[in-house]
Each structure stands twice: as structure tokens, then as C-alpha cells.
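Chain by chain, the residues run as shown.
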Amino acid sequence: MPVEEVEVAVEIDGRRLLNPHLITLAKVLELTRYSGESDFDVVVVGGGPAGLTAAINHAGLFGHKVLVIENEAPGGAAGTAINIIDNHFGFPYGIVAGELAQRGLQQALRKKVQWLPAARARQLLTLEDHATGDGQPPLRRLHLTARTDDGQKVEVNAAAVVVACGAAARRQGGKHETDYENQGVYYMALPADAEQVSKKHKIVVVGAGDTAGRAALMFAAKSDEVTLVIRGTLDNAAMLPSLVDAIKSSAIRVRQNTKITEYLGTNGRLTGVRVNTGAETDTLPVDAVYVLIGADPDTSWLESARVELKDKYVVTGTDVSGPAMPAYATSVPGVFAAGDVRYRGVRRIAMAAGEGAAAALAVHNYFTGRSKVLQTDGGPANAALSAYYA
């Protein structure tokens, strides 16, 4: 059965809010830093490591007027994670991902970056060329429309847009799945999650990739009741052979050629899943389900500007169709991309931060028209890059 709607009342400084939207809470708690202005040098879509690093460099290093639009929390997916990052430069003993994200936001705000959370980009349009007045080639203005989670429209113009909105975990698709998100259904499996598991906890992992395989083994080290649900067979799974062998030699129950058709619960908490093998239907009691079947970027809003995409990811640099483009530049002048949303991007926090800084430099070069930086050998490729900036 679906979860019954429950009224949630929040009281802040004597003010009682009933079922408040995230943007309402952000405003009441003074977590927004948006002036309401409509014109910016750069708009960054996504407040994860890539987006925040880009914003910090734009505002702090180049003096650009910057707005960051983030649909959830600072840090994106990294901001809501509780795992320790122990391979990031400058933190020899590691740092909690969420803390790193909060530090990044505070750094951006100190650089006078404007911050609009709980808002999602909806459309991007290209406007007329905008004369800079400094003898450089004109810049194309971009018009971006976003909506806050309470339905309010936000419209801004910018000379450049950095797309850094990351990728969202795929939903499995079973009935009532979204009713139990964070109430038994999860899309990330962390070591800290396994620490909360006992021998008798019933854990279901959905997926046939390396992430799902590792998660199943991680939980199996703590619980005797771990089930791996895959649509195909384990032998044909897109999983490292070593993981397949480890799963076969473990106590993990593998349900092959199986999918979850419905999520079941009581009082808003997941208690079971209904699975189907094609020939029969079965019900499994569960304490938690981890859906680990990959992620998709939210890039449909870029189609209006005809930004080239591949498998929903933003194509940049030499992957763009036609003449070579500068790194992190897309098929549309003035639109750049960094982080997980970028085609061929490496899904690591440190890499996302590095790409954000590199994208900021690419935008700055676009603004200043520094074609001479690109003409090191006079070759055809460099000529194409120069033409892009000109």
C-alpha cells in the first residue's frame, strides 16, 4: 500500500510552518543568498564539487558576478553522503563528504557568489549577441529559466552558463518505490550503512554492476540475510569476474531473471517487496532495499538551446561533433560543462572539483577572447579553437 500523507509542522523562531517546501525553509533559515537580480556574468547550474569550485574561481579569481542554482543541498550527492573522503588533496586524515560540501559553500559565499537552493533548471535559450564595449568579439547572452520546489519561476540572463548538475540515481520502477525513499529504499550504499546492519537484518541489493556487487558483499559481511536481485543472470552481469566469484562463494542469495514489481510497507516504513521472475510472483520481507543500477543526468532543459548530448550526458571538447572545441566547452558558445554531467567525466569528487576550476578558466578565456593562448603551433586544430573564441 502507498504511504499515507502525513502533515509535517515545523516551528522556527515561533513561526509554525505546515508541510513547508524546501525553498521556504531555506528562506526562513536564511540559507539562500539570492538578490533577485536577473543579470549575471556566469550562472552555474549545480552546487556540487564541480559547480561550487567553478563559482569560487569565477568570483574569487576572475571577479565575475556569479549565481549558483542547486536543486537540493550544497555539495549535490556528495553533500548528502556521510562517507569519509580519504583521497582528497589537503586532508591527510580524510573528511566527511558533507562537511567538505559545506566548507565549499561557505567559501563561495565569502567570495560573494549568490546561492539559490531548492531550484531546478527548466529551460535554456540563446539570445542576441551582447557587445562588450572593450573591442573584443561580442558575447552571446543566455536566458535560463528555473523553478523552485514551490513552483516559483526564476529567470536570469548570463554571458556564460556552467552545467554542473551531476547525475541522479536511477529509480528501479516498482510500484510505490518513491513512497519509501529514505524510509527503506536507498540509492547509495556506504560503509556506514553496513555498520548499522545486524546478522538478522534482511537486505536486498538491486543491480548487476560492480557497485551492486560490492554492496552485496559488504552487507553480507554483517548480515546472513542478503539477497541480490538482477534482471539477467549473474554469469552475464556487467560485473568484474572477481566479484562474481566472490558472490558465488558467499551466502548471498541471488535472484536471477527477477525484478521488483511493488514495494510494500506499514506506517510509512518499507517491510517487503514483491518480485516477479516471469513465471511466478513472490514476496520478500525486507528491512532495506539498495537500488544500485546507475545514474542519469537531468539535462532535458538543455535541449531548447540545442546543446549536444550523448546518452543524456553533455558532450564537450573534442567529443563535440564538427570542429574541435576547447576542453569543457559544449556545442553552444557560452555553455560549458564540468563534473559528473559531462560525457566521459570521471565520477570522483576530486576530479569534479578539478573540472570545475578548469571550466572556470575556459569560460574566462571565452570572455577575454584569448585566442593567442591556443595558437602555440599554428596547426589546424588550434585554428579551430581560435575560431571558437573569435
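Remember, it's a predicted structure, so these values are computed and weren't measured experimentally.

A word on the overall build of the chain. The number of helices and strands found in the chain is 10 helices and 23 strands. Put simply, the chain has 390 residues, and 44% of those count as buried. Counting contacts in the chain only where the partners sit at least 6 residues apart, residues at least 24 apart contribute 61% of the total. When the accessible surface of the chain is totalled, it reaches about 19,500 Å², and 49% of it is carbon and sulfur.

Bringing the environment of Val315 into the picture now. One can find Val315 in the loop between strand 22 (313-314) and strand 23 (335-337). Relative accessible area serves as the criterion here: at 2%, Val315 is assigned to the buried category. It is 9.4 Å that separates the C-alpha atoms of Val315 and Phe336, two residues lying 21 residues apart in sequence. Apart from the residues lying within four places of it in its own chain, the contact partners of Val315 are Glu308, Leu309, Lys310, Val320, Ala329, Thr330, Ser331 and Tyr343.

Residues Val42, Val44, Val66, Val113, Val162, Val363 and Phe367 are the most contacted members of the largest nonpolar core, which totals 33 residues. Going through the elements one at a time, strand 3 (39-45), helix 2 (49-61), strand 4 (66-69), helix 4 (97-110), strand 10 (153-163) and helix 8 (349-368) are the ones with two or more residues in this core. If we ignore the near neighbours within four places in the chain, the residues touching Val113 are Arg33, Ala55, Ala59, Val66, Val68 and Ala108. Listed in part, the 26 residues of the second largest apolar core include Leu142, Leu144, Val156 and Val161.

Two quantities define a packed helix pair, namely the angle between the axes and the distance from one axis to the other. Packing of helix 2 against helix 8 brings their axes to within 7 Å, and their N-to-C directions diverge by 35°. For helix 2 against helix 8, the interelement crossing comes out right-handed. Touching Pro49, Ala50, Thr53, Ala54, Asn57 and His58 of helix 2 are Ile349, Ala352, Ala353, Gly356, Ala357, Ala360 and Val363, all from helix 8. Partitioned by chemical class, the residues of the contact of helix 2 with helix 8 number 9 nonpolar, 4 polar and no charged.

So, about the sheet that holds strand 17 (residues 269-276). Read across the sheet, 3 strands follow the order 16-17-18 without closing on themselves; strand pairing throughout is antiparallel. The sheet is open, and its two borders are formed by strand 16 (259-266) and strand 18 (281-285), each paired with just one other strand. Taking each pair of neighbouring strands and ignoring which way they run, the sheet shows an average axis angle of 25°.

It is worth spelling out unusual backbone geometry at this point. Residues apart from glycine generally show negative phi values, whereas peptide bonds are mostly found in trans. A positive phi is found at Asn182, a non-glycine position, where the angle reads about 65°. Tracing the chain through its elements places Asn182 in the loop between strand 11 (168-169) and strand 12 (185-186). Given the relative accessible area of 57%, Asn182 is considered exposed.

Next up on the list: the pairing of strand 3. Most of strand 3 is tucked away, with 5 of its 7 residues classed as buried. Bridge count between strand 3 and strand 10: 6 bridges; the pairing is parallel. Paired with Val43 across the strands is Val161, a residue of strand 10. At this point the chain moves from strand 3, through helix 2, to the parallel strand 4, and the crossover so formed is right-handed.

One pass over the structure, following the stated rule, counts 4 aromatic pairs. Following the ring pairs from residue to residue traces out a cluster consisting of Tyr186, Phe219 and Tyr290. The ring of Phe40 is capped by Lys65, whose NZ or CZ atom sits 5.2 Å from the centre of that ring. Sitting over the face of the ring of Tyr187, Arg171 holds its NZ or CZ atom 4.1 Å from the ring centroid.

The next point concerns the sheet that holds strand 12. Working definition: the strands of a sheet are paired by backbone hydrogen bonds and lie parallel or antiparallel to each other. Sheet architecture is open: 5 strands sit in the order 12-19-13-14-15, paired in parallel fashion. Unpaired on one side and paired on the other, strand 12 and strand 15 (253-255) mark the two borders of the sheet. As judged from the 4 bridges shared by strand 13 (residues 202-206) and strand 19 (residues 288-291), these two strands associate in the parallel manner. Across the sheet, residue Val204 finds its bridge partner in strand 19, namely Val289. Across the face of the sheet, helix 6 (residues 210-220) comes into contact with strand 13, strand 14 (225-229) and strand 19 while running at roughly 170° to strand 13.

With that settled, consider the confidence of the model for the chain. A low pLDDT means the predicted coordinates there should not be read in detail. Taken over all residues, the pLDDT of the chain has a mean of 83, while the share at 70 or more is 81%. At the low end of the mean pLDDT range in the chain sits helix 9 (residues 371-374), at 37; at the high end sits strand 13, at 97. Of the regions scoring below 50 in pLDDT, residues 1-6 engages in 11 contacts with residues more than four places distant in sequence or in other chains. Counted against residues more than four places away or in other chains, residues 370-390, with its pLDDT under 50, gives 31 contacts.

What counts and how
Residues numbered from 1 in each chain as written. Predicted model: local features only at pLDDT ≥ 70, side-chain atom pairs only at ≥ 80, totals over all residues. Heavy atoms only, no water. Helix = DSSP H or I, 4+ residues; strand = E, 2+ residues; numbered from the N terminus. Buried < 20%, exposed > 50% of the residue type's maximum accessible area, 1.4 Å probe, protein only. Contact = heavy atoms within 4.5 Å. Areas by Shrake-Rupley, 256 points an atom, 1.4 Å probe, with all protein chains shown as cover. Core = buried A, V, L, I, M, F, W, Y, C linked by side-chain atoms within 4.5 Å. Axes fitted to C-alpha atoms, helices over the stretch in contact; angles between N-to-C directions. Left-handed = near helix turned anticlockwise from the far one by under 90°. Nonpolar A, V, L, I, M, F, W, Y, C, P; charged D, E, K, R; others polar. Pairing = 2+ DSSP bridges. Right-handed = clockwise from strand over helix to strand, strands pointing away. Phe/Tyr/Trp six-rings, centres within 6.5 Å; stacked < 30°, edge-to-face > 60°. Lys NZ or Arg CZ within 6 Å of the ring centre and 35° of its normal. pLDDT = per-residue confidence, 0-100.

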